Amino acid sequence: MTQANLPAPAADILARLADVLETRRPQAGGDSQTSYTAKLLARGPDAFLKKIGEEATELVMAAKDGVPERIVSETADLWFHCLVALTHYGLRPEDVLAELARREGMSGLEEKAARKQ
Ligand SMILES: N=c1c2ncn([C@@H]3O[C@H](COP(=O)(O)OP(=O)(O)OP(=O)(O)O)[C@@H](O)[C@H]3O)c2ncn1[C@@H]1O[C@H](COP(=O)(O)O)[C@@H](O)[C@H]1O
């Protein structure tokens, strides 16, 4: 899907998904019987952190195979589980987007060199 075909600005999609995930928290009454996210959040960090590891590995395998559809699908799975983790820790995709915005235009090589000083 190209940028032009996206149904809404990407940040809106992430924010809307995060809004849904917040309703799945145990404190918000998330129901493990009807929601995958609620089940994952109720099981605690070990459960969703393990999923992040699995999805990252699946993305690596998809990338090695070089099939674009699978790379996109596995990346979506990985992003979703990262959003579940952010939800647990009371963070939002906007926090990550702000960090990426802060880094915009900053060379990765310069940033790494600055870290060493
Ligand atoms: N974007 C997603 C999303 N991406 C992936 N997944 C789920 O992530 C799970 C993990 O994928 P796997 O390939 O590992 O499948 P699996 O072997 O069945 O997983 P496990 O049983 O081993 O955990 C699958 O059940 C997928 O359906 C998602 N589940 C939900 N969402 C979004 O979250 C919203 C809320 O979902 P619920 O909380 O389930 O209502 C949905 O409306 C969607 O917008």
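- Naming follows an unreviewed UniProt entry, where the protein appears as Phosphoribosyl-ATP pyrophosphatase of Advenella mimigardefordensis.
- The Subcellular location (unreviewed entry) comment attached to the protein in UniProt states, word for word, "Cytoplasm".
- Its UniProt record gives the protein a comment under Pathway (unreviewed entry), which states: "Amino-acid biosynthesis; L-histidine biosynthesis; L-histidine from 5-phospho-alpha-D-ribose 1-diphosphate: step 2/9."

Quick word on the confidence of the model for the protein
Next up, step 1: Considering every residue of the protein, the mean pLDDT works out to 92; 93% of them sit at 70 or more.
Next up, step 2: Under the prediction, the complex receives an ipTM of 0.92, its pTM being 0.90.

Quick look at the site of the ligand
Next up, step 1: Taken together, the neighbourhood of the ligand is formed by Leu17, Val20, Leu21, Arg24, Ser35, Tyr36, Thr37, Lys51, Glu55, Asp77, Phe80 and His81.
Next up, step 2: Residue Tyr36 places a main-chain N or O atom 2.9 Å away from an oxygen atom belonging to the ligand.
Next up, step 3: Mapped onto the shell around the ligand, the elements with two or more residues apiece are α1 (10–23), α2 (36–43), α3 (45–65) and α4 (68–88).
Next up, step 4: Across the shell around the ligand, the residue classes break down as five nonpolar, three polar and four charged.

Some points on the packing of α1 against α4
Next up, step 1: Relative orientation of the contacting elements α1 and α4 amounts to 55°, with a least axis distance of 10 Å. As summarised for this structure, α1 and α4 are arranged oblique, according to the angle between their axes. In this structure, α1 meets α4 at a crossing whose hand is right-handed. Here Leu14, Leu17, Leu21 and Glu22 of α1 come into contact with α4, specifically with Phe80, Leu83, Val84 and Thr87.
Next up, step 2: Here the residues of the contact of α1 with α4 are counted per class, giving six nonpolar, one polar and one charged.

Considerations on the pattern of salt bridges
Next up, step 1: Under the definition given, this model contains ten salt bridges.
Next up, step 2: Residue Arg92 pairs with Glu94 through a salt bridge whose shortest N-O separation is 3.1 Å.
Next up, step 3: Classification of Arg92 as buried rests on a relative accessible area of 18%.
Next up, step 4: Each member of the salt-bridge network shares a partner with another, and the members are Asp19, Glu22, Arg92 and Glu94.

As for the environment of Leu14
Next up, step 1: Note that Leu14 resides in helix α1.
Next up, step 2: Not counting residues up to four positions away in its chain, the partners in contact with Leu14 are Leu83, Pro93 and Leu97.

What counts and how
Throughout, residues of each chain are indexed from 1 in the direction in which the sequence is written. The model is predicted, so local features are restricted to residues of pLDDT at least 70 and side-chain atom pairs to those at 80 or more, both for listing and for counting; the totals for chains, interfaces and linings are taken over all residues. Hydrogens and water molecules were not included; the side-chain quantities draw on all heavy atoms of the structure. UniProt positions are given in the numbering used here, feature names are shortened, and annotations may be inferred rather than shown by experiment. Per-residue confidence from the predictor is reported as pLDDT, a score between 0 and 100. Put simply, a residue is near a molecule or strand once any heavy atom of it comes within 4 Å of that molecule or strand. Nitrogen and oxygen atoms within 3.5 Å of one another constitute a polar contact, given that in protein one can donate a hydrogen and the other can accept it, and given that sequence-neighbouring residues count only through two side-chain atoms. Secondary structure follows DSSP: runs of H or I at least 4 residues long count as helices, runs of E at least 2 residues long count as strands, and numbering of each begins at the N terminus. Three categories are distinguished: nonpolar for Ala, Val, Leu, Ile, Met, Phe, Trp, Tyr, Cys and Pro, charged for Asp, Glu, Lys and Arg, and polar for the others, with Gly belonging to the last. To obtain an axis, a line is fitted to C-alpha atoms, over the contacting stretch when the element is a helix, and the angle between two such axes runs from 0 to 180 degrees between their N-to-C directions. By definition in this entry, angles of less than 35 degrees are roughly parallel, angles greater than 145 are roughly antiparallel, angles of 65 to 115 are roughly perpendicular, and the rest are oblique. Crossing handedness: left-handed means the near helix sits turned counterclockwise from the far one by under a right angle, and right-handed means the same turn made clockwise. By definition in these notes, contact holds between two residues if any of their heavy atoms fall within 4.5 Å. Here a salt bridge means any side-chain nitrogen of Lys or Arg lying within 4 Å of a carboxyl oxygen belonging to Asp or Glu. Using a 1.4 Å probe on the protein chains alone, a residue whose accessible area is under 20% of its type maximum counts as buried, one over 50% counts as exposed, and one in between counts as partly exposed.

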